[in-house]
Amino acid sequence: MTVPVLEVDRLVVDVLVEGEPRTVLHEVSLSLGEGEALGLVGESGSGKSMTARAVARLLPPGARTSGTIRYGGHDVRTLKGGALRDYRGDVALVFQDPRAHVNPVRRIGDFMTEALRTLHGVDKHTAAKRAAAALADVGIADGERRLEQYPHELSGGLLQRVVIATMLLTEPKLLLADEPTTALDVTTQAEVMAILDELRQERGMALLFITHDLDLAGAVCDRTAVMYAGQIVETRESAKLHEDPLHPYTAALVTARPAVDRAVDRLAAIPGRSVSAFEAPDGCPFAPRCPHAVDACHQERPPAEYVDGGLVRCIRADELRGRLAEEVAFHD
Amino acid sequence: MTAVAVRPAGHRSGRATGVARFVARRLVMLVATLFTSSFVIFGALYLAPGDAVSTLSGSRTLSPQAVAALREQYHLDDPFLARYFQWLGDTLLHGDLGTSITYREDVSSVIAARMGVTFQLVLYAALIIVVVGVGLGLLSGLRGGVVDTSILVVTTVFAAVPSFVAATVLLSAFAVGLGWFPAVGTGEGLAGTLWHLTLPAVALALASLAIVSRITRVAVRTELGREHVQTAISRGIPYPALVRRHVLRNASIPVTTVVGITIASLFGMSAVVEQTFGLGGLGSALVEASLARDVAVVQGVALVFVTAFVVVNTLVDVAYAVLDPRVKAGSRAS
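Since the model is a prediction, treat every value here as computed from it, not as a measurement.

**So, the overall build of chain B**
A count of helices and strands for chain B gives 13 helices and two strands. Overall, chain B is about 85 × 60 × 35 Å in size when its C-alpha atoms are taken along their principal axes. Nonlocal contacts in chain B, meaning residues at least 24 apart in sequence, comprise 74% of its contacts between residues at least 6 apart. Of the roughly 16,100 Å² that chain B leaves accessible, carbon and sulfur atoms contribute 70%. Averaged over its 24 positive side-chain charges, chain B has a centre that lies 20 Å from the centre of its 17 negative ones.

So this is what it looks like as structure tokens:
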């Protein structure tokens, strides 16, 4: 891999909940090369979105961070003023619900060209032309008409494509996509994903793709990181994640997916409920739900270790390796 | 939720006709509302205790000739609906609202003589509400901290002060005590009018100003927290543009509604303030006429107030449709 575009190292984030600091991310480390796609997978509350927010500098007021988020030789956490604006120009975000993320009382054209006009000094006419061209890039043919419309006049899928086209106008180097297809129906999902993937490959953009869908992440991303209780428990090549998981949580996630090719009486579920970082017990946060937990698992947090080109936080990773692969194989 | 079908009505011209249609519908509703309220106002005369003649005469003892004249003038021997349409016809076609028994003059000329000061007063108070109320709300919502807390304390006090108390306090402090403003009367010319109407307008505006300021504050805070504002921040839009284009623009929708309703309600509230400051406006005419049981004047003034209220509300609705492009879609479903 070349020099990473984004490098997050042992990022810890505390946010204020009713005045009390609560840990939401614990030593999150990841890196993303030019044109590379990294999937970030986990349940609700596992810290996926918080990771994207920290990278985008959109943490809620009062949040405290430690560790580093390195981009272009700077620590993103300390950027200010013009440098922060430049960084924001380089990093684009696509969120889950396009309807909430586009100002409902302004026209599509206004939304699309806003950054060009206010930040890059592009005149209105040129900006509109470029916006219509960007719409064509994401498969919206009648761009000029769309620019005159309001967000409520467009369907969710169409609006999400508008958002993606908008983000591309400023030619970002890094795209953070936070569940960009969750609010869309399945066929639209596939279209939007195809557009994202194509654009990434054409433009050499790095993509951090956040989803709760392990298969979707695997389909789009070179590597996938699995999050649990505010930490990344495993980062691995997406293909291997399904066949040869290193962490028992990953194995449990893979087993819990419903199979498409046959009906089952009952879906496999992980016993217990998922916990947030602040309520995680001492030791491995997954230990209370882990079928392979031993006494040592409850003692201290497992460090991240390299196993077979992947990074895993499990003290039994080496000895469990074959067994987890069998569990997954039996399911499939 | 089903996916919203994309309508071709998105063009500027399409939106313009949409707004025009919306305005037309509002105008029809305006007329219907006025029609209904005129009926209620007219009917109230006959719901008052005692018979219509004694109500109309203000319970004075009248000669049989005078009673006959009253019965004739008000068509009291005709059926109710016939009387109503007769009255409505006189009002609409001839501007004839009957004769005041206390002023011994046409009600329409009583109203015409007193309308000016009330509208000036309401306009002045409305201006104060918009400038100061919205201004304080913006400051409070955008700044936070000590500024916010101070404004919150002051507006809480203002909101709790009824206009008759405000009027009395302002009168004794700034007119009687400090002598900065006149205590009574309306003054001559623009400067004189402004000078004379300042205290009454402030008294009238104070409580509403506080409410508008707090609504503005909440609206600004709500908009600041919206996800689309987050998107704009994440795109690096500079703060002034962010506030202007996304926060103020969107907050203007709820603020306009509240400002409109508040201003519409000032007409009714003007009675108290006009009485305190000795302004011979419609409000004080209403109070005096009610006390003197001068039914024709009460009816006439009530009709003017209701009309003003309904017209202001219609203007607000139209402003709403212009400000919020989603209103058009919503009104189609209704």
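**Quick look at the packing of aromatic side chains**
Scanning the entire structure with this criterion turns up ten aromatic pairs over all chains. On the numbers, 5.2 Å between centres and 80° between planes, the contact of Tyr228(A) with Phe286(A) is edge-to-face. With Tyr228(A) in strand β9 (residues 223-228) and Phe286(A) in the loop between α11 (248-256) and β11 (305-307), this residue pair connects regions lying 58 residues apart in the sequence. Among the aromatic side chains, those forming a connected cluster through ring pairs are Phe35(B), Phe39(B), Phe42(B), Tyr84(B) and Phe85(B). Over the aromatic face of Phe278(A) sits the side chain of Arg22(A), whose NZ or CZ is 4.0 Å from the ring centroid. Residue placement shows Arg235(B) over the ring face of Phe111(A); its charged tip is 4.8 Å from the ring centre.

**As for empty space enclosed by the protein**
A complete count under the given rule lists four cavities of 30 Å³ or more for this structure. Of the pockets and cavities examined, the largest cavity occupies roughly 100 Å³. Surrounding the largest cavity, Arg88(A), Gly89(A), Val91(A), Ala92(A), Leu93(A), Ala115(A), Leu119(A), His120(A), Met167(A), Thr170(A), Ser234(B) and Arg235(B) form its lining. Those elements that provide at least two residues to the lining of the largest cavity are α2 (81-90), β6 (91-94) and α4 (108-119) of chain A. The element best represented in the lining of the largest cavity is β6(A), accounting for three residues. Looking at side-chain class alone, the lining of the largest cavity contains six nonpolar, four polar and two charged residues. The space that makes up the second largest cavity amounts to roughly 80 Å³. Together, 13 residues line the second largest cavity, and Pro248(A), Cys284(A), Cys290(A), Cys297(A) and Cys314(A) are the ones closest to its centre.

**A short note on the packing of helix α8 (residues 189-224) of chain B against helix α10 (residues 239-276) of chain B**
Residues and elements named next belong to chain B. One way to put it is that α8 packs onto α10 with a least axis distance of 9 Å and a crossing angle of 160°. Between α8 and α10, the angle is such that the two are roughly antiparallel. The interaxial crossing formed by α8 with α10 has right-handed handedness. Looking at the contact of α8 with α10, its residues break down into 17 nonpolar, six polar and one charged.

**Here we look at the environment of Pro258(A)**
Inspection of the secondary structure assignment puts Pro258(A) in the loop between α11 and β11. For the pair Pro258(A) and Lys240(A), spaced 18 residues apart in sequence, the C-alpha separation works out to 19 Å.

**A word on the nonpolar core**
Judged by nonpolar contacts, the single largest core of 65 residues is most densely connected at Ile111(B), Ala203(B), Phe277(B) and Val301(B). When near neighbours in sequence (up to four residues on either side) are disregarded, Ala203(B) contacts Ser163(B), Ala166(B), Ala167(B), Leu170(B), Val273(B) and Phe277(B). Residues Ala37(A), Val94(A), Val102(A) and Leu175(A) belong to the second largest nonpolar core, which totals 41 residues.

**Considerations on the pattern of salt bridges**
Inspection of the entire model under this criterion finds 30 salt bridges over all chains. Ionic pairing is found between Asp142(A) and Arg146(A), a salt bridge with its closest N-O pair at 3.5 Å. Asp142(A) sits in the partly exposed class, given a relative accessible area of 30%. Residue Asp308(A) pairs with Arg321(A) through a salt bridge whose shortest N-O separation is 2.9 Å. A residue pair is termed long-range when its members are at least 10 positions apart, and Asp308(A) in the loop between β11 and β12 (310-312) and Arg321(A) in helix α12 (residues 317-331) qualify at 13 residues. Members of the salt-bridge network, linked through shared partners, are Arg106(A), Asp110(A), Glu114(A), Arg117(A), Arg235(B) and Arg245(B).

**Observations concerning the domain arrangement of chain A**
Residues and elements named next belong to chain A. Taken domain by domain, chain A comprises domain 1 (32-57 + 78-221) and domain 2 (241-331). Averaged C-alpha coordinates put domain 1 and domain 2 at centres separated by 32 Å. Listed per partner, the contact involves six residues of domain 1 and nine residues of domain 2. Interface area, domain 1 with domain 2, both sides summed: about 640 Å², of which 53% is carbon and sulfur. Put simply, domain 1 and domain 2 have zero salt bridges between them. For the interface between domain 1 and domain 2, the tally reads two residue pairs in polar contact (both at pLDDT 80 or more). Partitioning the side of domain 1 that touches domain 2 into residue classes produces two nonpolar, two polar and two charged.

**A short note on the pairing of β9(A)**
On a regular strand, each side chain points to the face opposite its neighbour's, so the side chains alternate between the two faces of the sheet. Residues and elements named next belong to chain A. Of all six residues making up β9, five are buried, and the element is well covered by its neighbours. Note that strand β3 (residues 37-41) and β9 share four bridges and pair parallel. Pairing of Val-41 across the sheet is with Val-226, part of β9. Where β9 lies against strand β10 (residues 231-237), six bridges are found, and the strand directions are antiparallel. Its bridge partner lying in β10, Tyr-228 is registered against Gln-231.

**Quick word on the UniProt feature "domain: ABC transporter" (unreviewed entry) in chain A**
As annotated by UniProt and renumbered to match this structure, "domain: ABC transporter" (unreviewed entry) occupies residues 6-254 of chain A. Regarding residues 6-254 of chain A, the helix share stands at 43% and the strand share at 28%, and the terminal C-alpha atoms are separated by 28 Å.

**Considering a nonpolar patch on the surface**
Taken together, the side chains of Phe35(B), Phe39(B), Leu81(B) and Phe85(B) make up a nonpolar region of the molecular surface, amounting to roughly 390 Å² of accessible area. Those elements that place two or more of their residues in the nonpolar patch are α1 (12-47) and α4 (80-94) of chain B.

What counts and what doesn't
- Residues numbered from 1 in each chain as written.
- Chains lettered and ligands numbered in written order.
- Predicted model: local features only at pLDDT ≥ 70, side-chain atom pairs only at ≥ 80, totals over all residues.
- Heavy atoms only, no water.
- Helix = DSSP H or I, 4+ residues; strand = E, 2+ residues; numbered from the N terminus.
- Contact = heavy atoms within 4.5 Å.
- Areas by Shrake-Rupley, 256 points an atom, 1.4 Å probe, with all protein chains shown as cover.
- Lys, Arg positive; Asp, Glu negative; His and termini not counted.
- Charge placed at Lys NZ, Arg CZ, Asp CG, Glu CD.
- Phe/Tyr/Trp six-rings, centres within 6.5 Å; stacked < 30°, edge-to-face > 60°.
- Lys NZ or Arg CZ within 6 Å of the ring centre and 35° of its normal.
- 1 Å grid on protein atoms, 1.4 Å probe; cavity = no way out; pocket = protein on both sides within 12 Å on 5 of 7 lines; lining within 4 Å.
- Points joined across faces, edges and corners; volume = space filled by probe spheres on them.
- Nonpolar A, V, L, I, M, F, W, Y, C, P; charged D, E, K, R; others polar.
- Axes fitted to C-alpha atoms, helices over the stretch in contact; angles between N-to-C directions.
- Parallel < 35°, antiparallel > 145°, perpendicular 65-115°, else oblique.
- Left-handed = near helix turned anticlockwise from the far one by under 90°.
- Core = buried A, V, L, I, M, F, W, Y, C linked by side-chain atoms within 4.5 Å.
- Buried < 20%, exposed > 50% of the residue type's maximum accessible area, 1.4 Å probe, protein only.
- Salt bridge = Lys/Arg side-chain N within 4 Å of Asp/Glu carboxyl O.
- Domains from an automatic or database assignment.
- Buried area = accessible area lost by both parts, 1.4 Å probe.
- Polar contact = N/O pair within 3.5 Å; in protein donor to acceptor, adjacent residues only side chain to side chain.
- Pairing = 2+ DSSP bridges.
- UniProt positions renumbered as here; feature names shortened; annotations may be inferred.
- Patch = residues over 30% accessible without salt bridge, like charges linked within 9 Å, V, L, I, M, F, W, Y side chains within 5 Å.

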